[in-house]
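Each chain, written out:
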Amino acid sequence: MRELEFLHYKPGVSIWHRHDPRLKLLELAAWSILALAGNGTVTAAVGITVLGFHAAAGTSPKRMRRPLLFWAVMAAAIIVSAGFAEPAPPLIIGGIQFPIGITGLLTGTLRAGRLLVILLAGQLLASSTDPADLAGAVRKILSFLPKKWSGAVASALMLTISFLPLIMDETATIRDAALSRGLQNRKSIFRRAAVLALPMAESALKRSDLTAEALLSRCFTEDPTGPNLSVRAGDRLLFLAAMGPPAAAALFTGFTAG
Amino acid sequence: MIPPLLAIQNLRHVFPDGTAVLNDISLCIEKASFTILAGPNGSGKTVFMRHLNGLMRPTSGRILLDGIPITENLSLTRRRIGLVFQDADAQIVGQTVARDAAFGPENLRLSRPEIEKRVRQALAAAGLIGFDERRPHTLSGGEKRRLAVAGVLAMEPDILVLDEPFTGLDWPGCADLITVLNRLRTGGTTILLITHDLAKILSHADRLILMNGGRIHAEGNPLDIINEVEEIGVRRPEGDVSTMSWAREPRDFPAGSAADAPDKKPEKPTL
């Protein structure tokens, strides 16, 4: 769990790390819409673009292993359930007819692909953007709203990304402590989960309490001095590179959702 | 008459189950003093600390900062009374050392150049020059504690309150923290340090307050009341008060190097 590193910020100096966070947010929104509403080609174009930027940001494939494993489990569930939901034409392998449909399986695969692209895009944003900068960008983007509202959204985002690793770490400590006292001897996975659930919830609440006190003691406000944000020529080029391939795919294939 | 920097008057806090965790606490903290508040576990030290900048509200009694109740302007109080929590991890919110130290000044809505100046000064005071871009969670326990101090110092508080700052620190970590505290004291910062570990720090304090069962058991010059500490369940360190320190010779913190780096063998403690 400690190595999960999903949505963890990793400081860096790559061109993507230095990209303006407001444009990153805009790109994430655009990628998500294109991946969800576009056809398979558009989704694939978004996926390839996101992977390219992951490479530019120096994301280690090893660190993505566990999040991808989690996605694979989710994807299998999505594909199989779609297959059951649309049983015609049925899947036949070696003369054996299965109660799941080929069209459903294909639809499920596309949905799982869309989910993967959105997960990767979210991870790209979170892993390369300091949560404080991200919060500053959200405040700027939502500046048309009352400050209290935009501040609340920005702070919630910043705190979630900042403290996710800590909560994960504490959860892993509780699990390790339970394992060291023979948790694995309990055969039922549900019983094991039940044993861990309460201390994990208590720990998360306690951590939230301590964090809230620490924030208050340092005069926490939802409208602090923001980061210095400026869109430079390099940011504009990166934006074009981020939007170009998916937009081209959408133009050439008609954008229709498959 | 000039009021004391911090005056606590008849402070009482009763938990909802009826337990009186603080019972009629009255004391004063003078400017530029170094006070140690000692007491056994469960004596109410941490609850007392939380009252000092309004994180907890008393059942009765009040706390005056320069003669003004702290509840009149909690934001100002929290700027002037800096708390360093026992769990440094809970206090660290920035993704890099510099960003964490900037968190408080940013909340004070200072200008960016002023924030950067304060961050530089705070990191220098805490011996963390060269650590700016390090991730806080990769720091050692002692470095994290010093970062927690830097985060508070960047807000330029008048009083620094530290709750059990030596918990979990090895000797070099303690010694470096003591160096930081001594520097701050020399610079005029008022320090209130909560601990039951007197052997590490008592020789640096000019006042000792003993707390037990939510009450002040004794207060005064450490020399005068050191023999009373065992009455409240705190071990009296051996030797004279003047030897009760884990400090080593003052030294500068080299840029980018951890105080407790493995290649640096600390000298034997002075105890």
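Residues numbered from 1 in each chain as written. Chains lettered and ligands numbered in written order. Predicted model: local features only at pLDDT ≥ 70, side-chain atom pairs only at ≥ 80, totals over all residues.

Caption draft 1: Representation of the overall build of chain A. From N to C terminus, chain A includes 8 helices and 2 strands. Going residue by residue from the N terminus, the α and β elements of chain A occur as α-α-α-β-β-α-α-α-α-α. With 258 residues in all, chain A has 27% of them scored as buried. (Helix = DSSP H or I, 4+ residues; strand = E, 2+ residues; numbered from the N terminus. Buried ≥ 20, exposed ≤ 12 C-beta atoms within 10 Å, placed from the backbone.)

Caption draft 2: Representation of the overall build of chain B within the structure. Each helix and strand counted, chain B has 8 helices and 10 strands in total. What you see for chain B is a C-alpha radius of gyration of 18 Å, in line with the 18 Å of a compact globule of 271 residues. The C-alpha extent of chain B, read off along each of the three principal axes, is 45 × 45 × 40 Å. Out of the 271 residues in chain B, the part that is buried amounts to 47%. Sequence-distant contacts in chain B: of pairs separated by 6 or more residues, those separated by 24 or more amount to 71%. (Rg over C-alpha atoms; globule rule 2.2 N^0.38 Å. Contact = placed C-beta atoms within 7 Å.)

Caption draft 3: How the structure looks around the sheet that holds strand 1 (residues 6–14) of chain B. Reading across from one edge, 2-1-4-5 (chain B) is the order of the 4 strands in this open sheet, with antiparallel pairing throughout. Two strands in the sheet have a free side with no partner beyond their single neighbour: strand 2 (20–29) and strand 5 (68–69) of chain B. (Pairing = 2+ DSSP bridges.)

Caption draft 4: Quick peek at helix 5 (residues 112–125) of chain B. Residues and elements named next belong to chain B. The end-to-end C-alpha separation of helix 5 is 20 Å, in line with the 20 Å expected for 14 residues at 1.5 Å each. For helix 5, the complete set of buried residues consists of I115, R118, V119, A122 and L123. Each buried residue of helix 5 sits inside an arc of 130° when the element is viewed along its axis, so together they form one side. Turned more than 90 degrees off the buried face of helix 5, the exposed positions are P113 and E114. Of the residues flanking the end of helix 5, it is G127, one or two places downstream, whose phi is positive at about 70°. (Expected span 1.5 Å × (residues − 1). Arc of directions from axis to C-beta.)

Caption draft 5: Representation of the packing of helix 1 (residues 21–37) of chain A against helix 2 (residues 40–57) of chain A in the model. Residue and element names in this part refer to chain A. Interaxial distance between helix 1 and helix 2 falls to 7 Å at its minimum, and their mutual angle equals 145°. In this structure, helix 1 meets helix 2 at a crossing whose hand is left-handed. Between helix 1 and helix 2, the contacting residues are W31, L34 and A35 on the first element and V42, T43, V46 and V50 on the second. Counted by class, the contact of helix 1 with helix 2 contains 6 nonpolar, 1 polar and no charged residues. (Axes fitted to C-alpha atoms, helices over the stretch in contact; angles between N-to-C directions. Left-handed = near helix turned anticlockwise from the far one by under 90°. Nonpolar A, V, L, I, M, F, W, Y, C, P; charged D, E, K, R; others polar.)

Caption draft 6: Highlighting the pairing of strand 1 of chain B. Residues and elements named next belong to chain B. By the bridge criterion, 6 bridges tie strand 1 to strand 2 in an arrangement that is antiparallel. Bridge assignment links I8 to a residue of strand 2, and that residue is L27. Between strand 1 and strand 2, which follow one another and run antiparallel, lie 5 residues, and G18 among them has a positive phi close to 95°. Of the pairings in the sheet, the one linking strand 1 to strand 4 (residues 60–65) comprises 5 bridges and is antiparallel in character.

Caption draft 7: Structural view of the confidence of the model for chain B. Residues and elements named next belong to chain B. Per-residue pLDDT for chain B has a mean of 87; in total, 91% of the residues score no lower than 70. Low pLDDT, under 50, characterises residues 251–271; the predicted model gives this stretch 27 contacts beyond four residues in sequence or across chains. Per the prediction output, this complex has pTM 0.81; the corresponding ipTM is 0.79. (pLDDT = per-residue confidence, 0-100.)

Caption draft 8: Geometry of helix 3 (residues 65–85) of chain A. Residues and elements named next belong to chain A. Compared with an ideal rise of 1.5 Å per residue, which puts 21 residues at 30 Å, helix 3 spans 30 Å between its outermost C-alpha atoms and is within 8% of the ideal. Here helix 3 has its buried residues at I78, I79, A82 and G83. All buried residues of helix 3 project into a common sector of 125° when viewed along the axis, lining one side. Seen from the buried face of helix 3, the exposed residues on the opposite side, beyond 90 degrees, are L69, V73, A76 and A77.

Caption draft 9: Looking closely at the environment of A204 of chain A. All names here are of chain A. Tracing the backbone through its elements, the reader meets A204 in helix 7 (residues 189–217). A tally of 16 C-beta atoms within 10 Å means that A204 is categorised as partly exposed. Distance from A204 to L166, taken between C-alpha atoms, is 9.4 Å for residues 38 residues apart in sequence.

Caption draft 10: How the structure looks around the interface of chain B and chain A. Between chain B and chain A, the residue contacts involve 29 residues of the former and 21 residues of the latter. Of all the secondary structure elements, the ones that give two or more residues to the side of chain B that touches chain A are helix 2 (74–80), helix 3 (88–91), helix 4 (97–107) and helix 5 of chain B. Residue contributions to the side of chain B that touches chain A peak at 5 residues, all from helix 4 of chain B. Residue composition of the side of chain B that touches chain A, by class: 10 nonpolar, 9 polar and 10 charged.

Caption draft 11: Molecular detail of the sheet that holds strand 6 (residues 81–84) of chain B. Residue and element names in this part refer to chain B. Judged by pairing direction, the sheet is mixed, and its 6 strands sit side by side in the order 6-7-8-3-9-10 without closing on themselves. Each edge of the open sheet is held by one strand with a lone partner, namely strand 6 and strand 10 (215–220). Going across the sheet, the axis of each strand differs from the next one's by a mean of 15°, ignoring polarity. Against the sheet, helix 1 (residues 45–52) makes contact with strand 3 (34–38), strand 6, strand 7 (159–163), strand 8 (190–194) and strand 9 (207–212), and its axis sits at roughly 150° relative to strand 7, the strand it touches most.

Caption draft 12: Here's a closer look at the pairing of strand 9 of chain B. Residues and elements named next belong to chain B. Bridge count between strand 3 and strand 9: 4 bridges; the pairing is parallel. In the sheet register, I36 faces strand 9, and the bridge partner there is L208. Strand direction decides the pairing type here: strand 9 and strand 10, joined by 5 bridges, are antiparallel. Within strand 10, the position partnered with N212 by the bridge is R215. Counting the residues between successive antiparallel strands, the hairpin from strand 9 to strand 10 contains 2 residues, one of them, G213, with a positive phi of roughly 55°.

Caption draft 13: The nonpolar core, seen in detail. Among the nonpolar cores identified, the biggest contains 78 residues, and V84, A101, L123, A126, A150 and V161 of chain B are the most heavily contacted of them. If sequence neighbours within four positions are ignored, V161 of chain B has contacts with M49, L52, I81, G82, L83, V84 and L192 of chain B. Within the second largest apolar cluster, 28 residues are counted, among which are W16, V50, L116 and A121 of chain A. (Core = buried A, V, L, I, M, F, W, Y, C linked by C-beta atoms within 7 Å.)

Caption draft 14: Broad picture of the environment of S208 of chain A. All names here are of chain A. Secondary-structure assignment places S208 in helix 7. Note on S208: 14 C-beta atoms within 10 Å, which makes it partly exposed. In sequence terms S208 and F163 are 45 residues apart; their C-alpha atoms lie 8.9 Å from each other.

Caption draft 15: Spotlight on the environment of L223 of chain B. Residue and element names in this part refer to chain B. Among the secondary structure elements, L223 is positioned in helix 8 (residues 222–225). Judged by the 12 C-beta atoms lying within 10 Å of it, L223 falls in the exposed class. When the C-alpha positions of L223 and S203 are compared, they lie 9.3 Å apart, and in sequence the two are 20 residues distant.

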